[in-house]
Structure formats: C-alpha cells, structure tokens
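Structural overview for review
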Amino acid sequence: MLDHVFLSVSDLTRSTAFYLAALAPLGITDRADYDGQNGPPGHPDLRGFGCKGRMFLWLHPGTVEGRAAHVGLIAASQTQVNDAYAAAIAAGATDNGAPGARLYYDPRYYAGGVLDPDGYSLEFVYKSWQHALP
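Residues numbered from 1 in each chain as written. Predicted model: local features only at pLDDT ≥ 70, side-chain atom pairs only at ≥ 80, totals over all residues. Heavy atoms only, no water.

Some words on unusual backbone geometry
So the rule is basically this: Numbering of helices and strands runs from the N terminus, with a helix taken as a DSSP run of H or I at least four residues long and a strand as a DSSP run of E at least two residues long.
A positive phi is found at Lys52, a non-glycine position, where the angle reads about 55°. Here Lys52 shows up in the loop between β3 (46–51) and β4 (54–61).

Overview of the pairing of β3
Inclusion rule: Only strands joined by at least two bridges in the DSSP assignment are considered to pair.
In this sheet, β3 lies alongside strand β2 (residues 30–34) in antiparallel orientation, the contact comprising 5 bridges. Among the inter-strand pairings, Tyr34 is bridged to a residue of β3, identified as Leu46. Pairing of β3 with β4, which is carried by 5 bridges, proceeds in the antiparallel orientation. Bridge pairing in β4 places Gly50 opposite Met55. Between β3 and β4, which pair antiparallel and follow one another directly, the connecting turn spans 2 residues, one of which, Lys52, has a positive phi of 55°.

Brief notes about the packing of aromatic side chains
Put simply, the rule is: Here is the rule: rings of Phe, Tyr and Trp (six-membered ring for Trp) pair when centre to centre is within 6.5 Å. Planes less than 30 degrees apart are stacked, more than 60 are edge-to-face, and the remainder are tilted. Working definition: with a 1.4 Å probe on protein chains only, accessible area under 20% of the residue-type maximum means buried, over 50% means exposed, and in between means partly exposed. We call a charge positioned over a ring when the NZ of a Lys or the CZ of an Arg lies within 6 Å of the ring centre and within 35 degrees of the ring normal.
This structure, assessed with the given rule, holds 5 aromatic pairs. Summarising the aromatic geometry, the rings of Phe18 and Tyr19 are spaced 5.1 Å apart at their centres and angled 90° between planes, so their arrangement reads as edge-to-face. Both residues of the pair, Phe18 and Tyr19, count as buried. Here the aromatic rings of Tyr104 and Tyr105 are separated by 4.6 Å at their centres, their planes lie at 65°, and the arrangement is edge-to-face. Taken together, the aromatic side chains of Phe18, Tyr19 and Phe49 make up a single cluster linked through ring pairs. Across the ring face of Phe49, the terminal group of Arg31 is positioned such that the distance to the ring centre comes to 4.9 Å.

Structural notes on the environment of Phe18
Structurally, Phe18 is set in helix α1 (residues 12–23). Classification of Phe18 as buried rests on a relative accessible area of 2%. Between the C-alpha atom of Phe18 and that of Ala91, which follows or precedes it by 73 residues, the distance is 5.6 Å.

Here we look at the nonpolar core
Operational definition: Side-chain atoms within 4.5 Å are what join buried Ala, Val, Leu, Ile, Met, Phe, Trp, Tyr and Cys residues into a set we call a nonpolar core. Two residues qualify as a contact provided that any one of their heavy atoms is within 4.5 Å of a heavy atom in the partner residue.
Tyr19, Leu23, Leu26, Leu73 and Phe124 are the most contacted members of the largest nonpolar core, which totals 28 residues. Elements with a contribution of two residues or more to this core: β1 (5–9), α1, β4, β5 (70–74), α2 (78–90), β8 (109–115) and β9 (121–127). It is α1 that provides the largest number of residues to this core, a total of 5 residues. Excluding residues that lie within four positions of it along the chain, Phe124 makes contacts with Ala22, Leu26, Leu73, Val81, Ala84, Tyr85, Ala88, Tyr110, Ala111, Gly112 and Val114.

In structure tokens:
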C-alpha cells in the first residue's frame, strides 16, 4: 500500500491551482503546505493533497519528467470520473483518454485520463468491484 507520491513540477503555484480544481470532484480537498526551510538543508517547499486528514499526493518544484509518472486516482462512481476529467480539462489539462469503459482491462473498469500541465499522466478510475462505497 502506498503512503504518498511526490511529483516535481515546473510552477508550484500553477500546479497547486490545477490540482485543487482537478481533485475536488473526487473529494480530495484537504491541503497542506510545508515550508522547506523547516526541513534539512535543501529541502523543497511542498504542497500536499489528500482527504480525511491523510496527505498522499505532494508537489514540489524541480525537474519535470512529464510522462515518467502515471497516477491513478480512485473515484467513487462513474459520475466522479466524468466530473474530475471535466474539472481537469477546464483547469488546463490535455485529454489523454475520454471517460469510458476500458474494455481491454475489464468491462467494469471505467476511467478518464488527462495530462497535467507538466505532462504527468493522471487517470481518474472507478472499478465497481474495488471502489464501491460501503
């Protein structure tokens, strides 16, 4: 089980605004800012995103590797996939696969994909057999 993911971004302010908009439809609305000066020498500033008090996606300024990362984010429904995809596109993402069933994986695998402003691949995913709400 992953605890967190770090992504280097070229513009921390721009990327923070993008992720705030793109992640909100998924209920990922908790935010944390970490001042790098509080860490060891050379520690970058961080912008964290999460929900229910748990931060799991962090951004920091640095060298961008674009398509070197793919991040799949859980949606609670097909509607959440659609909404997150639309919010990401409206916030400046590039289409990387419109929402729909990914039949090549499983007929119940529903996802929408975008590239964030730095070219990272984000996939909003609803898998009815894994992500159903209790």
